[in-house]
Amino acid sequence: MKKLGLLILGVLLGALAMYYYCCGSIEMENESPITEPKGLITPKEAKTLDQAYNIKHRIINDSLYKNSADGGDNRSSWWKLEDIQNYINYAENQAGELGYTMDGIRVYLGAHPNSGKETGLTTMFFIPTGYMNKSQGSVFPMFQESGDIPGGSGLNHGGNGMPPGANYPQ
(Lines give C-alpha, C1' and ligand atoms only; values in the text may rest on other atoms or scores of the structure.)
Protein backbone atom coordinates (compact mmCIF):
# COMPACT_ATOMS: atom_id res chain seq x y z
CA MET A 1 0.00 0.00 0.00
CA LYS A 2 2.88 2.38 0.85
CA LYS A 3 4.48 1.72 -2.56
CA LEU A 4 1.19 2.40 -4.37
CA GLY A 5 0.92 5.80 -2.66
CA LEU A 6 4.48 6.70 -3.67
CA LEU A 7 3.76 5.52 -7.24
CA ILE A 8 0.63 7.72 -7.48
CA LEU A 9 2.53 10.69 -6.00
CA GLY A 10 5.36 10.16 -8.50
CA VAL A 11 2.93 9.99 -11.45
CA LEU A 12 1.16 13.17 -10.30
CA LEU A 13 4.45 15.06 -9.85
CA GLY A 14 5.65 13.84 -13.26
CA ALA A 15 2.40 14.90 -14.92
CA LEU A 16 2.55 18.30 -13.24
CA ALA A 17 6.17 18.81 -14.31
CA MET A 18 5.34 17.84 -17.92
CA TYR A 19 2.37 20.22 -17.95
CA TYR A 20 4.51 23.20 -16.89
CA TYR A 21 7.33 22.20 -19.21
CA CYS A 22 5.09 21.82 -22.28
CA CYS A 23 2.77 24.76 -21.65
CA GLY A 24 5.60 27.08 -20.66
CA SER A 25 7.48 26.42 -23.92
CA ILE A 26 4.31 26.86 -26.03
CA GLU A 27 3.56 30.26 -24.45
CA MET A 28 7.16 31.42 -24.98
CA GLU A 29 7.05 30.44 -28.68
CA ASN A 30 3.90 32.54 -29.28
CA GLU A 31 5.34 35.68 -27.67
CA SER A 32 7.31 37.87 -30.02
CA PRO A 33 10.51 39.30 -28.58
CA ILE A 34 10.46 42.95 -27.65
CA THR A 35 13.07 44.83 -29.64
CA GLU A 36 14.24 48.34 -28.90
CA PRO A 37 13.17 50.65 -31.74
CA LYS A 38 15.69 52.91 -33.43
CA GLY A 39 15.57 56.56 -32.43
CA LEU A 40 14.66 56.20 -28.75
CA ILE A 41 15.47 59.23 -26.65
CA THR A 42 15.74 59.65 -22.91
CA PRO A 43 13.34 61.84 -20.92
CA LYS A 44 16.23 64.29 -20.51
CA GLU A 45 16.65 64.50 -24.30
CA ALA A 46 12.88 64.96 -24.70
CA LYS A 47 12.99 67.85 -22.24
CA THR A 48 15.91 69.42 -24.17
CA LEU A 49 13.95 69.19 -27.44
CA ASP A 50 10.85 70.63 -25.77
CA GLN A 51 12.79 73.55 -24.29
CA ALA A 52 14.49 74.27 -27.63
CA TYR A 53 11.00 74.72 -29.12
CA ASN A 54 10.04 77.35 -26.51
CA ILE A 55 11.20 80.36 -28.60
CA LYS A 56 9.23 79.20 -31.65
CA HIS A 57 6.15 78.55 -29.57
CA ARG A 58 6.47 81.98 -27.94
CA ILE A 59 6.66 83.67 -31.37
CA ILE A 60 3.52 81.81 -32.51
CA ASN A 61 1.63 82.67 -29.33
CA ASP A 62 2.70 86.32 -29.29
CA SER A 63 1.61 86.87 -32.89
CA LEU A 64 -1.64 84.87 -32.89
CA TYR A 65 -2.94 84.55 -29.35
CA LYS A 66 -2.33 87.93 -27.70
CA ASN A 67 -5.54 87.94 -25.66
CA SER A 68 -5.96 84.20 -25.24
CA ALA A 69 -6.98 83.05 -21.77
CA ASP A 70 -6.95 79.35 -22.70
CA GLY A 71 -3.17 78.82 -22.62
CA GLY A 72 -2.34 79.65 -26.23
CA ASP A 73 -1.52 77.31 -29.07
CA ASN A 74 -1.10 73.54 -28.79
CA ARG A 75 2.29 72.06 -28.03
CA SER A 76 1.23 68.43 -28.09
CA SER A 77 -1.37 65.97 -29.29
CA TRP A 78 -2.51 62.75 -27.61
CA TRP A 79 -4.14 59.60 -29.00
CA LYS A 80 -5.38 56.46 -27.28
CA LEU A 81 -3.05 53.53 -27.88
CA GLU A 82 -6.01 51.54 -29.25
CA ASP A 83 -6.71 54.28 -31.83
CA ILE A 84 -3.09 54.27 -33.02
CA GLN A 85 -3.01 50.46 -33.30
CA ASN A 86 -6.34 50.47 -35.17
CA TYR A 87 -5.06 53.22 -37.47
CA ILE A 88 -1.89 51.29 -38.31
CA ASN A 89 -3.94 48.17 -39.16
CA TYR A 90 -6.42 50.23 -41.20
CA ALA A 91 -3.66 52.13 -43.05
CA GLU A 92 -1.76 48.93 -43.89
CA ASN A 93 -4.92 47.38 -45.31
CA GLN A 94 -5.78 50.55 -47.25
CA ALA A 95 -2.22 50.78 -48.61
CA GLY A 96 -2.52 47.22 -49.94
CA GLU A 97 -5.83 48.07 -51.62
CA LEU A 98 -4.16 51.12 -53.23
CA GLY A 99 -1.28 48.96 -54.53
CA TYR A 100 1.31 50.05 -51.95
CA THR A 101 3.31 48.43 -49.20
CA MET A 102 3.19 50.57 -46.07
CA ASP A 103 6.59 50.96 -44.41
CA GLY A 104 6.06 53.81 -41.96
CA ILE A 105 4.13 56.80 -40.76
CA ARG A 106 4.98 60.47 -41.21
CA VAL A 107 3.83 63.02 -38.62
CA TYR A 108 2.89 66.44 -39.95
CA LEU A 109 2.20 69.67 -38.09
CA GLY A 110 -0.95 71.44 -39.21
CA ALA A 111 -3.49 73.94 -37.94
CA HIS A 112 -7.24 73.76 -37.68
CA PRO A 113 -8.94 76.41 -39.82
CA ASN A 114 -9.85 79.69 -38.16
CA SER A 115 -13.52 79.82 -37.25
CA GLY A 116 -15.19 83.14 -36.55
CA LYS A 117 -13.12 85.02 -33.98
CA GLU A 118 -11.09 81.97 -32.90
CA THR A 119 -7.68 81.20 -34.35
CA GLY A 120 -7.29 77.51 -35.22
CA LEU A 121 -4.95 75.62 -32.90
CA THR A 122 -1.93 73.69 -34.09
CA THR A 123 -2.52 69.97 -34.59
CA MET A 124 -0.47 66.96 -35.60
CA PHE A 125 -1.60 64.21 -37.95
CA PHE A 126 -0.29 60.89 -39.22
CA ILE A 127 0.00 59.96 -42.90
CA PRO A 128 0.99 56.45 -44.05
CA THR A 129 4.19 56.10 -46.07
CA GLY A 130 5.26 53.30 -48.34
CA TYR A 131 6.21 52.26 -51.83
CA MET A 132 4.25 51.09 -54.83
CA ASN A 133 4.08 47.33 -55.26
CA LYS A 134 6.14 46.22 -58.24
CA SER A 135 5.81 43.02 -60.20
CA GLN A 136 8.02 40.08 -59.18
CA GLY A 137 10.10 40.53 -62.33
CA SER A 138 11.00 44.16 -61.61
CA VAL A 139 14.57 44.94 -62.69
CA PHE A 140 15.29 47.33 -59.80
CA PRO A 141 13.19 46.19 -56.81
CA MET A 142 15.73 47.49 -54.29
CA PHE A 143 15.48 51.08 -55.56
CA GLN A 144 11.85 51.61 -54.57
CA GLU A 145 11.31 54.99 -52.97
CA SER A 146 9.17 55.39 -49.92
CA GLY A 147 6.89 58.39 -49.71
CA ASP A 148 3.44 59.46 -48.61
CA ILE A 149 0.87 57.02 -49.99
CA PRO A 150 -1.42 58.93 -52.39
CA GLY A 151 -5.02 58.48 -51.29
CA GLY A 152 -4.01 57.07 -47.89
CA SER A 153 -6.20 58.31 -45.02
CA GLY A 154 -4.53 60.22 -42.21
CA LEU A 155 -5.18 60.18 -38.47
CA ASN A 156 -5.97 63.44 -36.66
CA HIS A 157 -8.20 64.63 -33.84
CA GLY A 158 -5.94 63.65 -30.98
CA GLY A 159 -6.42 65.34 -27.64
CA ASN A 160 -4.79 68.68 -26.84
CA GLY A 161 -2.40 69.23 -24.01
CA MET A 162 -3.89 70.58 -20.79
CA PRO A 163 -3.51 73.49 -21.00
CA PRO A 164 -2.76 73.46 -24.74
CA GLY A 165 0.53 75.31 -24.27
CA ALA A 166 1.84 72.99 -21.52
CA ASN A 167 5.45 71.86 -21.81
CA TYR A 168 6.85 68.34 -21.51
CA PRO A 169 6.20 66.44 -19.31
CA GLN A 170 2.47 66.83 -18.67
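As the structure is a prediction and not an experimental result, all values here were calculated from the model.

Visitor: Help me understand the overall build of the protein chain in this model?
Guide: For the protein chain, the count of helices and strands is four helices and five strands. Its helices and strands taken in sequence order, the protein chain reads α-α-α-β-α-β-β-β-β from the N to the C terminus. Every one of the 170 residues in the protein chain was classed for burial, and the buried ones make up 19%. Within the protein chain, counting contacts between residues at least 6 apart in sequence, those at least 24 apart form 61% of the total.

Visitor: Teacher, can you tell me more about the layout of surface pockets here?
Guide: Where empty space is left in the structure can be found by rolling a water-sized probe over the atoms. In this structure, the largest pocket encloses a volume near 200 Å³. Lining the largest pocket, in full, are Ile 41, Ala 46, Leu 49, Asp 50 and Tyr 168. In terms of residue class, the lining of the largest pocket is made up of four nonpolar, no polar and one charged.

Visitor: Teacher, can you tell me more about the side chain of His 57 here?
Guide: Examined against the element boundaries, His 57 turns out to sit in helix 3 (residues 54–64). Residue classification places His 57 among the buried positions, given a relative accessible area of 6%. Here the side chain of His 57 touches Asp 73 through a polar contact of 3.1 Å, landing on its backbone oxygen. Those residues in contact with His 57 that lie beyond four places of it in its chain are Asp 73, Asn 74, Arg 75 and Gly 165.

Visitor: I'm lost on the sheet that holds strand 3 (residues 122–132) in this one. Help?
Guide: To summarise the sheet geometry, strands pair through backbone hydrogen bonds and adopt either a parallel or an antiparallel arrangement. Across the sheet, three strands lie side by side as 2-3-4; this open sheet has antiparallel pairing. At either end of the open sheet lies a strand with only one pairing partner, and these are strand 2 (100–111) and strand 4 (147–148). Sheet analysis places strand 2 next to strand 3, joined by eleven bridges and oriented antiparallel. For Ala 111, the partnering residue across the bridge sits in strand 3 and is Thr 122.

Visitor: Whenever I open this one, the pattern of salt bridges confuses me. Can you help?
Guide: Here the idea is simple: oppositely charged side chains can pair when their charged atoms come close. In total, this model carries two salt bridges according to the counting rule given. With a shortest N-O distance of 2.7 Å, Asp 148 and Arg 106 are connected by a salt bridge. Pair noted here: Asp 148 is in strand 4 and Arg 106 is in strand 2, with a separation of 42 residues, a long-range link. Asp 148 sits in the partly exposed class, given a relative accessible area of 31%.

Visitor: How do you make sense of the nonpolar core when you look at a structure like this?
Guide: In a soluble, globular protein the nonpolar side chains are often hidden away together inside. Core analysis: the biggest nonpolar cluster contains nine residues, these being Trp 79, Tyr 87, Ala 91, Ala 95, Tyr 100, Met 102, Phe 126, Ile 149 and Leu 155. Taken together, the elements giving at least two residues each to this core come down to helix 4 (81–97) and strand 2.

Visitor: Looking at this structure, how should I read the pairing of strand 3?
Guide: The side chains of a regular strand alternate, residue by residue, between the two faces of the sheet. In terms of strand pairing, strand 3 meets strand 4 through two bridges, oriented antiparallel. Bridge pairing in strand 4 links Gly 130 to Gly 147.

The rules behind the values
Along each chain, the written sequence defines residue order, and numbers are assigned to residues from 1. Whole-chain, interface and lining totals are the exception, using all residues; otherwise, since this is a predicted model, local features are given only for residues with pLDDT of at least 70 and side-chain atom pairs are given and counted only at 80 or more. Computation of side-chain values: all heavy atoms of the structure, hydrogens and water removed. Numbering of helices and strands starts at the N terminus; helices are DSSP runs of H or I of at least 4 residues and strands are runs of E of at least 2. Buried, partly exposed and exposed residues are distinguished by accessible area as a fraction of the type maximum, computed with a 1.4 Å probe on protein chains only: under 20%, between the cut-offs, and over 50%, respectively. Should any heavy atoms of two residues lie within 4.5 Å, those residues are counted as being in contact. Here a cavity denotes a set of grid points, spaced 1 Å apart and computed over the protein atoms alone, in which a 1.4 Å probe fits but from which it cannot get out, and a pocket denotes an open set meeting protein on both sides within 12 Å along at least five of seven lines; residues with an atom within 4 Å of a point are reported as lining. Grid points are joined across faces, edges and corners, and a volume is the space filled by probe spheres set on the points. For this scheme, ten residues count as nonpolar: Ala, Val, Leu, Ile, Met, Phe, Trp, Tyr, Cys and Pro. Four count as charged, namely Asp, Glu, Lys and Arg, and the remainder, Gly too, count as polar. Polar contacts here mean pairs of N or O atoms no more than 3.5 Å apart (in protein, one a potential hydrogen donor and the other a potential acceptor; neighbouring residues in sequence count only if both atoms are side-chain atoms). Whether two strands pair depends on DSSP finding at least two bridges between them. Each reported salt bridge corresponds to a side-chain nitrogen of Lys or Arg within 4 Å of a carboxyl oxygen of Asp or Glu. By nonpolar core is meant a set of buried Ala, Val, Leu, Ile, Met, Phe, Trp, Tyr and Cys residues that side-chain atoms within 4.5 Å join together.

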